[in-house]
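What the coordinates show
Listed here are the chains, written in short residue letters.
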Amino acid sequence: ALPERHLGLHLPTRQDAARLDKLAVLLEQHCNLDLVYSLASSSIFSSPSVGVSAPPPRLRIGVALDDAFCFYYHDNLQLLRLAGAELVSFSPVA
């Protein structure tokens, strides 16, 4: 089992490689990964934005990004970009 952390989040720089390797082996043994890959690449999961360019940026959004601020859902950031926002990273502790 993976150890718990506040909100269940693990910072990307503190992952234990051995645990991730063990998890990968378990997934390969107990999951039909070919089916997962097939479903993930099927048209029902494809992004409607494929081939569509983002409109020119209308809004600049500052995103705190450093060792203290490193967990984000990348899909959310991508949706902001697709909506036309320009994301600018900064360090609040610098």
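Structure first, text after, so check above.
In short, a report on the structure. (Residues numbered from 1 in each chain as written. Predicted model: local features only at pLDDT ≥ 70, side-chain atom pairs only at ≥ 80, totals over all residues. Heavy atoms only, no water.)

1. A word on the environment of Gly-62
To keep it simple, the criterion reads: For the purposes of this entry, the term helix denotes a DSSP run of H or I that reaches at least four residues, the term strand denotes a run of E that reaches at least two, and both are numbered from the N terminus. Whether two residues are in contact is decided by their heavy atoms: any pair within 4.5 Å suffices.
If you trace the backbone, Gly-62 turns up in strand S1 (residues 59-64). Taking the C-alpha atoms as reference points, Gly-62 and Ser-91, separated by 29 residues in sequence, lie 9.7 Å from one another. When sequence neighbours within four positions are dropped, the list of residues in contact with Gly-62 reads Val-88 and Phe-90.

2. Focus: the pattern of salt bridges
Selection criterion: One speaks of a salt bridge when a side-chain nitrogen belonging to Lys or Arg is within 4 Å of a carboxyl oxygen belonging to Asp or Glu. Only protein chains enter the calculation, and the probe is 1.4 Å; a residue is then buried if its accessible area is under 20% of its type maximum, exposed if over 50%, and partly exposed in between.
Following the criterion strictly, the structure yields 1 salt bridge and no others. Notably, a salt bridge pairs Glu-86 with Arg-60, separated by 3.4 Å at the nearest N-O pair. In this pair, Glu-86 is assigned in strand S2 (residues 85-90) and Arg-60 in strand S1, connecting sequence segments 26 residues apart. Relative accessible area serves as the criterion here: at 33%, Glu-86 is assigned to the partly exposed category.

3. Regarding the packing of aromatic side chains
Aromatic ring pairs are described here by two measures, namely the spacing of the ring centres and the angle between the planes. Convention followed: Classification of ring pairs rests on two measures: the distance between centres of Phe, Tyr or Trp rings, Trp counted by its six-membered ring, which must be within 6.5 Å, and the angle between planes, read as stacked under 30 degrees, edge-to-face over 60 and tilted in between.
Applying the stated criterion across every chain, the model contains 1 aromatic pair. Between Phe-71 and Tyr-73 the ring centres are 5.1 Å apart and the planes differ by 80 degrees, which places this aromatic pair in the edge-to-face class. Relative accessible area serves as the criterion here: at 33%, Phe-71 is assigned to the partly exposed category. Judged by its relative accessible area of 54%, Tyr-73 is exposed.

4. Quick look at the environment of Val-88
With respect to the element layout, Val-88 can be found in strand S2. Classification of Val-88 as partly exposed rests on a relative accessible area of 28%. As a C-alpha pair, Val-88 and Ile-61 span 27 residues in sequence and 6.0 Å in three-dimensional space. Non-local contacts of Val-88, meaning those with residues more than four positions away in its chain, are made with Arg-60, Ile-61, Gly-62 and Val-63.

5. Details of helix H1 (residues 17-30)
The test is simple: Helices are assigned an expected span. That span is 1.5 Å times one less than the residue count.
Spanning 14 residues, H1 covers 20 Å between terminal C-alpha atoms, matching the ideal 20 Å at 1.5 Å per step. Taken across its 14 residues, H1 has 0 buried, putting it largely on the surface.

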